[in-house]
Every structure is written in C-alpha cells, then in structure tokens.
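# Descriptive analysis of the structure
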Amino acid sequence: EILADDYVGPDGTGKMQGKAEYIHNVERDTTVQRWEFEGLHLTLRGDRVTLAGKIHYWIDDNDVAYNFVDRFVWRDGRWQATGSEVTPNQ
C-alpha cells in the first residue's frame, strides 16, 4: 500500500520500473549485513513530501553508500510513494 499506482523507481541495474514490476521483482539481498541512513532531509509542500539522504550498506564488511531521493503524496488518507532516485555516492 505504500507504493502509489503511478510509482516509478530504479531497479537494481538503474532501469526505471513501475509499481507492478517492482513488486514482481523485489528480492531480499542476503549480502547486506546491515544498513544505516545519514543526513536525512524532509521537505513538506502541501500534500507532497520529498525525503533525501544517504544510505550505507555493509556488504562483506565494506561500506557502500548511495544518495537517494524518495517522493511521496498524501492520497486516500495515507502517504504513498510516487518515485525514487538512487545514485552512487562519489
């Protein structure tokens, strides 16, 4: 229910996919030992929210970091994700 019907976000290769594709393809990544968020910034404008920050994944004791931006809209009495962007942290 968190994903809006018009959700669009990247798959593991960076190709954009919709809600149905995401649900069909999502799998647990057992190589990730833990994860942690850093520098979260929330912007609220009316019925829309943007959440940006960095996520760190620890894989084989190595820290792999990505910047992300998630977008949400208030619909039907709840927040729904409409889009995601993920880029490697340089």
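It should be noted that the structure appears before, not after, this text.
Read on for a plain summary of the structure. Given the structure is predicted, the values throughout are model-derived calculations rather than measurements. (Residues numbered from 1 in each chain as written. Predicted model: local features only at pLDDT ≥ 70, side-chain atom pairs only at ≥ 80, totals over all residues. Heavy atoms only, no water.)

### Structural notes on the packing of aromatic side chains
We apply this condition: Between 30 and 60 degrees the pair is tilted, below 30 it is stacked and above 60 it is edge-to-face, where a pair is any two Phe, Tyr or Trp rings, Trp via its six-membered ring, whose centres lie within 6.5 Å. The helix and strand labels rest on DSSP assignments: H or I over at least four residues marks a helix, E over at least two residues marks a strand, and numbering proceeds from the N terminus. Only protein chains enter the accessibility calculation, which uses a 1.4 Å probe. A residue is then buried if its area is under 20% of the maximum for its type, exposed if over 50%, and partly exposed in between. Placement of a charge over a ring requires the Lys NZ or Arg CZ to be within 6 Å of the ring centre, with the centre-to-atom vector within 35 degrees of the ring normal.
By the definition in use, this model includes 4 aromatic pairs. On the basis of an interplanar angle of 65 degrees and a centroid distance of 6.1 Å, the ring pair of Tyr7 and Tyr22 is categorised as edge-to-face. Linking Tyr7 in strand S1 (residues 3-10) with Tyr22 in helix H1 (residues 19-25), this pair joins segments that are 15 residues apart in sequence. A relative accessible area of 31% places Tyr22 in the partly exposed class. Centre to centre, the rings of Tyr57 and Tyr66 are 6.0 Å apart; their planes meet at 70 degrees, and the pair counts as edge-to-face. Taking the relative accessible area as the measure of exposure, Tyr57 reaches 27% and is therefore partly exposed. The partly exposed category is assigned to Tyr66, whose relative accessible area is 28%. The aromatic ring of Trp58 is capped on one face by Arg34, whose charged end is 3.8 Å from the ring centroid.

### Quick word on the nonpolar core
Put simply, the rule reads: We call a set of buried Ala, Val, Leu, Ile, Met, Phe, Trp, Tyr and Cys residues a nonpolar core when their side-chain atoms join them within 4.5 Å. For this analysis, residues touch if any pair of their heavy atoms sits within 4.5 Å.
Among the nonpolar cores identified, the biggest contains 5 residues, and these are Leu3, Tyr7, Val49, Phe72 and Ala81. Sequence-distant contacts of Tyr7, that is, excluding residues within four places in its chain, are made with Gln17, Gly18, Lys19, Ala81, Thr82, Gly83 and Ser84.

### Description of the environment of Glu36
Inclusion rule: Polar contact is defined as a pair of N or O atoms within 3.5 Å, subject to the rule that within protein one atom must be able to donate a hydrogen and the other to accept it, and that residues adjacent in sequence are counted only when both atoms are side-chain atoms.
Relative to the helices and strands, Glu36 is located in strand S3 (residues 32-45). Accessibility expressed as a relative area gives 40% for Glu36, which makes it partly exposed. Separated by 18 residues in sequence, Glu36 and Lys54 have C-alpha atoms that sit 8.4 Å apart. In this structure, Glu36 is in contact with Lys54, Ile55, His56 and Trp58, ignoring residues within four places of it in sequence. At 3.5 Å, the side chain of Glu36 and the side chain of Arg34 are in polar contact.

### Description of a nonpolar patch on the surface
Stated formally: Like-charged residues within 9 Å of one another, or nonpolar side chains (Val, Leu, Ile, Met, Phe, Trp, Tyr) within 5 Å, are grouped into patches, provided each residue has over 30% relative accessible area and no salt bridge. Surface exposure here means Shrake-Rupley accessible area, sampled with a 1.4 Å probe, where a residue is shielded only by the protein chains that are shown. Here, a salt bridge means any side-chain nitrogen of Lys or Arg that lies within 4 Å of a carboxyl oxygen of Asp or Glu.
Among the surface-exposed residues, Tyr22, Ile23 and Val26 lie close enough to one another that they form a single nonpolar patch of about 260 Å² accessible area. Along the chain, the position of Val26 falls in the loop between H1 and S3. Judged by its relative accessible area of 47%, Val26 is partly exposed.

These figures capture arrangement, not role.
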